[in-house]
Amino acid sequence: MRFMLNWLFTSIAIAIATFLVPGIQPFGFAEAWVCFAFVGLFLNIVDSLVKPFLTVISLPLTIITLGIFQLVVNSFMLELASYLSVNLLGAGISIASFGSAFMGSILVSIMRSILDGVAEG
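Bear in mind the structure is a predicted one, so any value in this text is a computation, not a measurement.

A. Expanded view of the side chain of Gln70. For Gln70, the location among the structural elements is in helix H5 (residues 69–89). Those residues in contact with Gln70 that lie beyond four places of it in its chain are Lys51, Thr55 and Thr62.

B. The environment of Phe76, seen in detail. With respect to the helices and strands, Phe76 occurs in helix H5. Of the residues examined, Phe76 reaches a relative accessible area of 43% and is grouped as partly exposed. Separated by 26 residues in sequence, Phe76 and Phe102 have C-alpha atoms that sit 8.3 Å apart.

C. The arrangement of the environment of Ile24 in detail. Residue position: Ile24 is located in strand S1 (residues 24–28). Overall, the relative accessible area of 6% leaves Ile24 in the buried class. Distance in space between the C-alpha atoms of Ile24 and Ala96 is 6.4 Å, their sequence separation being 72 residues. Apart from residues lying up to four places away in sequence, Ile24 is in contact with Thr18, Ile93, Ser94, Ile95, Ser100 and Gly104.

D. View of the pattern of salt bridges. In total, this model carries two salt bridges according to the counting rule given. For Arg2, the salt bridge identified is with Asp116, shortest N-O distance 3.9 Å. Taken as a pair, Arg2 in helix H1 (residues 2–20) and Asp116 in helix H6 (residues 98–120) lie far apart in primary sequence, 114 residues in all. A relative accessible area of 42% places Arg2 in the partly exposed class. Asp116 gets classed as buried once you look at its relative accessible area, which sits at 18%. Here Asp116 makes a salt bridge to Arg112, at a shortest N to O gap of 3.3 Å. One end of the pair is Asp116 and the other is Arg112, both in helix H6 and four residues apart, which spans about a single turn.

E. Representation of the packing of H1 against H6 within the structure. The contact between H1 and H6 brings their axes to 8 Å, and the two run at 135°. What the angle tells us is that H1 and H6 run oblique. When you trace H1 past H6, the crossing you get is right-handed. Contact residues: Arg2, Leu5, Asn6, Phe9, Thr10, Ile12, Ala13, Ile14, Ile16, Ala17 and Leu20 in H1; Gly104, Leu107, Val108, Met111, Arg112, Leu115, Asp116, Ala119 and Glu120 in H6. Split into classes, the residues belonging to the contact of H1 with H6 amount to 13 nonpolar, three polar and four charged.

F. The environment of Ala101, seen in detail. Along the polypeptide, Ala101 turns up in helix H6. Using a relative accessible area of 0% as the deciding quantity, one classes Ala101 as buried. Sequence separation between Ala101 and Leu78 is 23 residues, and the spatial gap between their C-alpha atoms is 6.7 Å. In contact with Ala101, not counting residues within four places along its chain, are Ser75, Leu78, Glu79 and Ile95.

Conventions we followed
Sequence order as written defines residue numbering, which begins from 1 separately in each chain. Where totals are concerned, whole chains, interfaces and linings use all residues; where local detail is concerned, this predicted model gives features only for residues with pLDDT of at least 70, and gives and counts side-chain atom pairs only at 80 or more. Heavy atoms from the whole structure form the basis of all side-chain values; hydrogens and water molecules are not counted. Only DSSP runs of H or I reaching four residues or more are called helices, and only runs of E reaching two or more are called strands; each is numbered from the N terminus. Any two residues whose heavy atoms approach within 4.5 Å at even a single point are treated as in contact. Under the scheme applied here, a residue whose accessible area is under 20% of the maximum for its type counts as buried, over 50% as exposed, and between as partly exposed, the area being computed with a 1.4 Å probe on protein chains only. Whenever Lys or Arg places a side-chain nitrogen within 4 Å of a carboxyl oxygen from Asp or Glu, that contact is recorded as a salt bridge. For helices, the axis comes from a line fit to the C-alpha atoms of the stretch in contact; other axes are also lines fit to C-alpha atoms, and the angle between any two N-to-C directions lies between 0 and 180 degrees. Roughly parallel here means an angle under 35 degrees, roughly antiparallel means over 145, roughly perpendicular means 65 to 115, and every remaining angle is called oblique. Handedness of a crossing follows from how the near helix is turned relative to the far one, being left-handed for an anticlockwise turn of less than a right angle and right-handed for a clockwise one. Put simply, Ala, Val, Leu, Ile, Met, Phe, Trp, Tyr, Cys and Pro go in the nonpolar bin, Asp, Glu, Lys and Arg in the charged bin, and everything else, Gly too, in the polar bin.

Spelled out as structure tokens, the structure:
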């Protein structure tokens, strides 16, 4: 049940980021909500499988930058989730630049925190 809730919250956060960040838009054969659901699914999978590995590898840079480099890791995770959803399922989001991915990952993180807080309390 928790996985489904995480998937829903991530998809909602991606939808909000898509509408607020220029350079991120739905892409593919499906309707926009399906694109957001596909990317949300892949973002949850990537965050649980790839992100811990990248976090450990980038630990020296994260320490040197006082944690700011973790935002770059989050941006790469969003890019990877977008790439996987578009290339494996044919629908997802299109990210125009790293700056768009950076702003999108910040918005997704903020929205996920807000939605998690609302669901718990």
